[in-house]
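Structural characterization, general
Residues per chain are reported as follows:
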Amino acid sequence: MKTIDELLTDGVAGKRVFVRADLNVPLDGTTITDDGRIRAVLPTVRALAEAGARVVVASHLGRPKGAPDPAFSLAPAAARLGELLGAEVAFATDTVGDSAQATVAGLADGQVAVIENLRFNAGETSKDDAERAAFADALAALADVYVGDGFGAVHRKHASVFDLPARLPHYAGHLIATEVGVLRKLTEDVQRPYVVALGGAKVSDKLAVIDQLLAKADRLLIGGGMAYTFLKAKGYEVGISLLQEDQIPAVTEYMERAEKNGVELVLPVDVLISTEFPDLKTKAPANPTTVAADAIPADQEGLDIGPETRKLYASKLADAATVFWNGPMGVFEHPDYAEGTKAVAQALVDSPGFTVVGGGDSAAAVRTLGFDENAFGHISTGGGASLEYLEGKTLPGLAALED
Ligand SMILES: Nc1ncnc2c1ncn2[C@@H]1O[C@H](COP(=O)(O)OP(=O)(O)OP(=O)(O)O)[C@@H](O)[C@H]1O
Ligand SMILES: O=C(O)[C@H](O)COP(=O)(O)O
């Protein structure tokens, strides 16, 4: 994989460099609640701008439906990028249309532009190769060189991640190089016990990862929205909690395989429940109830792990030589449901082992709950991406940078 260092050595002054970043940051309206993913791409953007490149930064944000949707505009991320760079950042209000073309044409050497959300175009995420190729062609017309630095999205076979690098000279940015360097350690020479904690809300994406992790980890701790499909598979009532009904047979098989292979698969023993999802804007008190994991009433939703589970998971993390944690243990954005995530974060801080936190929301949780980033071995910007990397899968966005 050629890296940006090679590109900088060869010289980029005057060249239009397309930087595929992952600026998929959490937003409260138009306010960015955690800018970690923007800060993570700064070394690449700064180095290119200082070398005189005309830098075109592109990303997705959220999951809009292939058409413009103001709720998912990258404008706040572009503004924050400008603040962090201490320089004006131009913003194109479309992705490959008149605004993008004029904005890129107007860049002087050393200037930076952000184009609008890539997922406003159906071609970005299309499963149809020709549709993706057509969008990649349009993106390629905006640039001379491609730098892949959106680690959080390298597991997606999307036009800007997979098809575009094939059309331009391509290089890995500083963030991708760093992420791959650290995560490789967890695949090559992992120190044991190796404990993986999984939570979060992207249940369908992440359940599949467990299949592979069962062959790699010594212990798996399941929390967050992931837990309820397991509890349901054990025959428990899970009320209106997040549930991936179609995955129940797979999850049942995971539990059987874990038992057979001597992998400890640990589930919550108690949970915090409520009849409704909390108001994350007002943060009005939610007054949750704590119940045993097998006693969730039919009209209630599990929103965090309970106090006994917090103690249990901390004890299961205490002797780990290596920890990988992806996905908050509860709806940490509300203070009444943040304790589970805090307890797991604290257990990682206290761990003498090598600890890695992966995921946009997990990293945001660690920072917004007041933990010192330096207390962790590594904070990865990728959730699904880091999990799939650890699975040993070929990731489209890394494979595309390799040849
Ligand atoms: N029990 C639960 N019910 C519903 N949502 C939950 C639950 N537990 C956690 N969450 C939500 O999960 C979200 C984070 O999940 P996600 O899988 O996206 O995490 P991530 O891997 O860190 O991020 P990413 O995959 O985007 O990089 C948070 O917004 C949190 O509120
Ligand atoms: O948040 C993430 O994990 C990345 O930005 C990828 O987003 P996606 O899961 O919507 O593809």
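Here the structure is a predicted model, which means the values were calculated and not measured.

Reading guide: rules and limits
Residues numbered from 1 in each chain as written. Chains lettered and ligands numbered in written order. Predicted model: local features only at pLDDT ≥ 70, side-chain atom pairs only at ≥ 80, totals over all residues. Heavy atoms only, no water. Phe/Tyr/Trp six-rings, centres within 6.5 Å; stacked < 30°, edge-to-face > 60°. Helix = DSSP H or I, 4+ residues; strand = E, 2+ residues; numbered from the N terminus. Buried < 20%, exposed > 50% of the residue type's maximum accessible area, 1.4 Å probe, protein only. Lys NZ or Arg CZ within 6 Å of the ring centre and 35° of its normal. UniProt positions renumbered as here; feature names shortened; annotations may be inferred. Contact = heavy atoms within 4.5 Å. Near = heavy atom within 4 Å. Polar contact = N/O pair within 3.5 Å; in protein donor to acceptor, adjacent residues only side chain to side chain. Areas by Shrake-Rupley, 256 points an atom, 1.4 Å probe, with all protein chains shown as cover. Nonpolar A, V, L, I, M, F, W, Y, C, P; charged D, E, K, R; others polar. Pairing = 2+ DSSP bridges. Axes fitted to C-alpha atoms, helices over the stretch in contact; angles between N-to-C directions. Domains from an automatic or database assignment. Buried area = accessible area lost by both parts, 1.4 Å probe. Salt bridge = Lys/Arg side-chain N within 4 Å of Asp/Glu carboxyl O.

Let's shift gears to the packing of aromatic side chains. Tallied over the full model, the rule gives two aromatic pairs. Considering the side-chain rings of Phe18 and Tyr146, the 5.9 Å spacing of their centres and the 15° angle between planes classify their relative orientation as stacked. One end of the pair, Phe18, is in strand β1 (residues 16-20); the other, Tyr146, is in strand β7 (residues 145-148), with 128 residues separating them in the sequence. In terms of burial, Phe18 and Tyr146 fall into one category: buried. Cation over ring: Lys185 sits above Phe354, and NZ or CZ is 5.0 Å from the ring centre.

Now for the UniProt feature "binding site: ATP" (unreviewed entry) in the protein chain. Those places that UniProt annotates as "binding site: ATP" (unreviewed entry) correspond, in this numbering, to Lys206, Gly302, Glu333, Gly359, Gly360, Asp361 and Ser362. Among all residues touching Gly360, those that are not within four sequence positions of it are Arg37, Thr381 and Gly383. You can see Asp361 is positioned in helix α13 (residues 360-368). Given the relative accessible area of 39%, Asp361 is considered partly exposed.

Let us look at the site of ligand 2. The environment of ligand 2 is formed by Asp22, Asn24, Arg37, His60, Arg63, Arg119, Gly152, Arg156 and Lys202. A distance of 2.8 Å separates an oxygen atom of ligand 2 from a polar atom in the side chain of His60. Alone, ligand 2 offers 310 Å² of accessible surface; in the complex the protein occludes 94% of this. Here the shell around ligand 2 is built from residues that sort into no nonpolar, three polar and six charged.

The next subject is the sheet that holds strand β12 (residues 270-274). One open sheet accounts for three strands, arranged β13-β12-β14; its pairing is antiparallel. If you trace the sheet from one side to the other, it starts and ends with β13 (289-292) and β14 (301-305), each paired once. Across the sheet, the axes of successive neighbouring strands diverge by a mean angle of 45°, strand direction being ignored. In this sheet, β13 lies alongside β12 in antiparallel orientation, the contact comprising four bridges. Across the sheet, residue Val271 finds its bridge partner in β13, namely Val291.

Time to look at the sheet that holds strand β9 (residues 194-198). Spatially, six strands are ordered β11-β10-β9-β15-β16-β17 in an open sheet, and the strand pairing comes out parallel. One side of each edge strand has no neighbouring strand; the edge strands of this open sheet are β11 (264-266) and β17 (378-380). Strand-to-strand, the axes of this sheet are offset by a mean angle of 15°, without reference to chain direction. Relative to β17, strand β16 (residues 354-358) runs parallel, the two being bridged by three bridges. Each bridged residue has a counterpart across the sheet, and for Val357 the counterpart in β17 is Ile379. Each of β9, β15 (322-326), β16 and β17 is contacted by helix α7 (residues 174-188), which is oriented at about 125° to β16, the strand it contacts most. Its contacts with the sheet place helix α11 (residues 307-318) against β9, β10 (219-222), β11 and β15, and it is angled at close to 155° to β10.

When the domains of the protein chain are assigned, the result is domain 1 (4-177) and domain 2 (190-391). Taking the mean C-alpha position of each, domain 1 and domain 2 sit 31 Å from one another. Across the boundary between the two partners, domain 1 contributes 16 residues, which contact 17 residues of domain 2. With both chains or domains summed, domain 1 and domain 2 bury close to 1,200 Å², and 49% of this area falls on carbon and sulfur atoms. At the junction of domain 1 with domain 2, the criterion picks out five salt bridges. For Asp28, the salt bridge identified is with Lys281, shortest N-O distance 2.7 Å. Counting across the domain 1 and domain 2 interface gives four residue pairs in polar contact (both at pLDDT 80 or more).

Most of β14 sits out of view: five of its five residues are buried. The pairing of β12 with β14 spans four bridges and is antiparallel. Paired with Ile273 across the bridge in β14 is Gly302.

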